[in-house]
Amino acid sequence: GDFAIFAVLLLVNFENDRYPSATNPYRQYFANLSHLPRPSSSSSSSSAETSAAPSTATAGDANSISFTKLYQTIVARIADDSTVVLLYMLLQNNQSFHSFLASRADLDALLLPLLATLYRAHEFTRVRVYTILIIMSILTFDEHFIQSISGVVISTPAWFKEKYLRAVPLPEFVILVLMRTIQLNLKGIRDAYLHDNCLASMCNLATQLTGLSLYTSK
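Reading the values: the criteria
- Residues numbered from 1 in each chain as written.
- Predicted model: local features only at pLDDT ≥ 70, side-chain atom pairs only at ≥ 80, totals over all residues.
- Heavy atoms only, no water.
- Buried < 20%, exposed > 50% of the residue type's maximum accessible area, 1.4 Å probe, protein only.
- Helix = DSSP H or I, 4+ residues; strand = E, 2+ residues; numbered from the N terminus.
- Arc of directions from axis to C-beta.
- Contact = heavy atoms within 4.5 Å.
- Polar contact = N/O pair within 3.5 Å; in protein donor to acceptor, adjacent residues only side chain to side chain.
- Core = buried A, V, L, I, M, F, W, Y, C linked by side-chain atoms within 4.5 Å.

Q: Sorry if this is basic, but what is going on with helix H8 (residues 143–150) here?
A: Helical periodicity: at 3.6 residues per turn, an α-helix aligns residues three or four positions apart in one direction. Listed in full, the buried residues belonging to H8 are Phe145, Ile146, Ser148 and Ile149. Buried residues of H8 fall within an arc of 160° about the axis and therefore sit on the same side. Across H8 from its buried face, at more than 90 degrees, point the exposed residues Glu143 and Gln147. Tucked inside the fold, the buried residues of H8 contact helix H5 (95–102), helix H6 (108–119), helix H7 (126–140), helix H9 (170–189) and helix H10 (192–206). For H8, the N-terminal cap is Asp142; the gap from its side-chain oxygen to the backbone nitrogen of His144 is 2.7 Å.

Next up, the structure:
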């Protein structure tokens with residue numbers, strides 16, 4: 001639950017003022033976590049994972065967990081602020097989890113709730129909005145992430161009120177939400193950090209976008 005995640009985040013981010021050079025063992029543990037793949041006797045890796053996902057851990061490795069289950073848990077609880085911070089912490093500190101997540105073929109399950117928050121940024125805390133902006137910047141900077149979402153086509157969700165699009169590539173929808181967030185910011189929020197980070201994610205995606213729809217281009 002939330003209390004367990006709060007405890008983990010407190011331990012990972014604890015700084016010892018008396019011994020500033022001391023290594024935080026909890027932070028080191030999460031930084032070194034590796035993916036525990038499914039046993040070979042079961043079905044092969046999930047269809048939502050591609051060959052880019054790491055699978056170097058063994059069943060006896062105490063520093064390995066199922067990244068698949070971890071990802072599914074994060075998606076299920078992504079509405080919680082503590083889960084968003086946990087996701088940021090993992091992406092920032094654990095390259096194995098970062099690579100695993102960026103290779104997923106079902107990233108719309110994670111991205112759409114995050115984009116929904118940006119779309120209504122004025123309704124949420126700055127901490128949540130800022131953390132999501134950093135997550136988006138980290139992910140859109142990763143070429144594997146862009147490749148993974150390029151093949152995903154969605155219909156615009158009900159919370160996107162501007163225009164219903166029956167089939168829009170996920171990268172294009174990300175751009176639509178970021179542009180809508182920038183417009184919202186210019187009209188009322190007027191937050192320079194929000195503005196700059198939306199533009200940063202758009203720039204990361206820009207070189208990969210071709211064949212935009214007329215609506216997005218306008």
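The structure having been displayed, the exposition proceeds.
Q: How should I be thinking about the nonpolar core in this particular structure?
A: Soluble, globular proteins show a tendency: their nonpolar side chains are buried together. In this structure, Leu115 and Phe173 are the most contacted members of the largest nonpolar core, which totals 59 residues. Ranked by residues supplied to this core, first place goes to H9 with 10 residues. Excluding anything up to four places from it in sequence, Phe173 contacts Leu112, Leu115, Ile154, Thr156, Pro157, Trp159, Phe160 and Val168.

Shape descriptors only; they carry no functional weight alone.
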